[in-house]
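# Per-entry structural report
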Amino acid sequence: MKNKYSIFSLIKNAFSYHENWQKAWKDPAPKKEYDAVIVGGGGHGLATAYYLAKKHNMINIAVVEKNWIGGGNTGRNTTIIRSNYLWDASAGLYDHALKIWEGLSQELNYNIMFSQRGVMNLAHNLQDVRDLKRRTHANRLNGIDAYYLSTEEVKKFCPIINTSSNIRYPVLGGTLQKRAGTARHDAVAWGYARGADEMGVDIIQNCEVKGIKRNGDEVEGLETTKGFIKTKKIGVVAAGHSSVLANMAGLRLPLESKPLQALVSEPVKPIIDTVVMSNAVHAYVSQSDKGELVIGAGTDDYISYSQKGSHQIVEGTLNAILELYPIFSRMRMLRQWGGIVDICPDASPILSKTSIKGLYFNCGWGTGGFKATPGSGDLFAHTIANDEPHKLNAAFNLNRFVSGDLVDEHGAAAVAH
Amino acid sequence: MFIINCPFCGERDQSEFKAGGEAHIERPKQPTELNDEEWAEYLFMRKNIKGIQFERWNHAHGCRKWFNMLRDTSNDEIKLIYKMGEKSPIE
Ligand SMILES: Cc1cc2nc3c(=O)[nH]c(=O)nc-3n(C[C@H](O)[C@H](O)[C@H](O)COP(=O)(O)OP(=O)(O)OC[C@H]3O[C@@H](n4cnc5c(N)ncnc54)[C@H](O)[C@@H]3O)c2cc1C
Ligand SMILES: [Zn+2]
């Protein structure tokens, strides 16, 4: 049993200099065989394992991660959470996740620092205005909270934005989702890992999958750097490396892996209490609880697995940030990094069975999957346990690229992040 | 950021170029005879290789010509550049 985290456990452990905290998860060696193995210990993979154990009673399962858990895109993203997507299928998927976020700290007994500070999306040209108004209406029809704001209302909600009409891309309006916000990314991975571990899930770090063994049209197990693991069900949740895993099984996916960058500034006193995104000029900003500005840039256009992006991308983003927020002109940037995002042609994810029995893929989240972490784990667990998708992820199958039934969330839904 | 040696203009900064994705994907010769699976293969499925990959690039802010490149996507190192229409010197 795990000790419960509370104000009392905090005080108690303070007396022993915080040296006696219980381990949040074990460090087991892999067993010979599991009922299911999840490949990839990011937020989505860990959440999948958690819900497999919790809702489907599958406890003889493991998560294998080639590095340390949460070190992929889960620990590299700008943590924006929202559900104001355009199409019904996406609204269903992302709002399912948002509803779980709202109670997640309590459920996991782990403070994931979910903060519903609102997310504002700015419009910089007439097409933006039309798209954002259309999306606001679509959101409302789907029961998602959405407001359209005039330029004055944008200024009122976030006074440091430069709403002068003389700038290169003036602010013509915006949308606001008040239930949207941010969460602490590492804590999400750690909270799910702790919860899954408690129910008996093996979380195996520094264990890279090197091959997927098939027997005809069924999976048999995984070749890993810690030996062969036998299993009849494999759920691959490997973000930017999904195509690499698919290749091991002889499958092809409609994905391209590209670098996406972010950066943080030196910490300062509270100055921006919401999240502001601007797709047209590719700049996103919020402020962490530590006080750093968290800034998201755009993707590079070439395929790369190097976790480094190009300099001109960051430069372009900072140009836009400075024009929109002249007050930041003296800020120094402390760190900059890249993550490899798996982009689908329709900018929607894949949560699906494949043509190989027992092989499931959860990928294609691209630049915006952090927000979906709890929902994705829940629905993927359902798909693996029942060998059938849940109605909320049925539209996100792999076959849509054959049938043409795409969920086109490019541009129109303010899709970046 | 890397320097790219355009076969027409010589060495230029990467910011002048646009990546065009996987190279040598041939447009179907008899489009009317393709079934949905074959269309999906052609339109959407990609190798997305981690390692050495054939790509198309365009000198968008220069001569605007397309060319082919052999690049290691695991470290962004450019191995080879050759003109469109030329047969890949390797394979
Ligand atoms: C800079 C940046 C900013 C972003 N901003 C946002 C945002 O604001 N909001 C939002 O919603 N989303 C955002 N995203 C996207 C988001 O981070 C991802 O969609 C999401 O975190 C994906 O989670 P995951 O668990 O699927 O992937 P990951 O956390 O990447 O986990 C995949 C894991 O698989 C492991 N793996 C890979 N290959 C193997 C193998 N062969 N064997 C074993 N393990 C393997 C990796 O090591 C990795 O830990 C951003 C991404 C980036 C890079
Ligand atoms: Zn040129």
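Check the entry above for the structure.
So, a few notes on the structure that sits alongside this text. (Residues numbered from 1 in each chain as written. Chains lettered and ligands numbered in written order. Predicted model: local features only at pLDDT ≥ 70, side-chain atom pairs only at ≥ 80, totals over all residues. Heavy atoms only, no water.)

## Brief notes about the sheet that holds strand 1 (residues 33–34) of chain A
Residues and elements named next belong to chain A. The test is simple: Should DSSP find at least two bridges between two strands, the strands are taken to pair. Where helices and strands are cited, they refer to DSSP runs of H or I of at least four residues and of E of at least two residues respectively, numbered from the N terminus.
A sheet is described by the order of its strands in space; here four strands give the open sequence 1-12-11-10, paired in mixed fashion. Because the sheet does not close on itself, it has two edges, and the strands there are strand 1 and strand 10 (209–215). Direction of pairing for strand 10 relative to strand 11 (residues 218–224): antiparallel, over a ladder of six bridges. Looking across to strand 11, one finds that Arg214 is bridged to Val219.

## Considerations on a nonpolar patch on the surface
Residue and element names in this part refer to chain A. For clarity, the cut-off: Patch membership is restricted to residues that have no salt bridge and whose relative accessible area is over 30%. Joining uses 9 Å for like charges and 5 Å for the nonpolar side chains Val, Leu, Ile, Met, Phe, Trp and Tyr. Residue exposure ignores everything except the shown protein chains as possible cover, and the areas themselves are Shrake-Rupley values with a 1.4 Å probe. Between Lys or Arg on one side and Asp or Glu on the other, a salt bridge is scored when a side-chain nitrogen of the former is within 4 Å of a carboxyl oxygen of the latter. Partly exposed describes any residue whose relative accessible area lies between the buried limit of under 20% and the exposed limit of over 50%, with all areas from a 1.4 Å probe on protein chains only and scaled to the type maximum.
A contiguous nonpolar patch, built from Ile7, Phe8, Leu10, Ile11, Phe15 and Trp21 and spanning about 690 Å² of accessible area, is present on the exposed surface. Mapped onto the fold, Ile7 is located in helix 1 (residues 7–14). Taking relative accessible area as the criterion, Ile7 reaches 53% and is therefore assigned exposed.

## What to know about the coordination of the zinc ion (ligand 2)
All names here are of chain B. Quick note on the threshold: The rule for donors is simple: an N, O or S atom within 2.8 Å of the metal counts, and for Na, K and Ca the reach is 3.2 Å. Water is not among the atoms, so a site may look short of donors.
Summarising the metal site, the zinc ion (ligand 2) is bound by the protein donors Cys6 (SG), Cys9 (SG), His59 (ND1) and Cys63 (SG), whose distances to it range over 2.0 to 2.3 Å. Along the chain, the residues donating to the zinc ion (ligand 2) fall in the pattern C-x2-C-x49-H-x3-C. A relative accessible area of 2% places Cys6 in the buried class.

## Side note on the pairing of strand 5 (residues 66–72) of chain B
All names here are of chain B. Counting buried positions along strand 5 yields six of seven residues, so the element is predominantly enclosed. Direction of pairing for strand 4 (residues 52–58) relative to strand 5: antiparallel, over a ladder of seven bridges. When the bridges of strand 5 are listed, Phe54 appears paired with Leu70.

## Re the pairing of strand 5 (residues 119–123) of chain A
Residue and element names in this part refer to chain A. Among the five residues of strand 5, five are classified as buried, and the element is accordingly described as predominantly covered. With burial as the criterion, each face of strand 5 is covered, one bearing Val119, Asn121 and Ala123 and the other bearing Met120 and Leu122. Relative to strand 7 (residues 173–177), strand 5 runs antiparallel, the two being bridged by five bridges. Along strand 7, the bridge assignment pairs Asn121 with Thr175. As defined by bridge partners, strand 5 adjoins strand 15 (residues 275–278) across three bridges and the pair is classed as parallel. Of the residues in strand 15, the one forming a bridge with Val119 is Val275.

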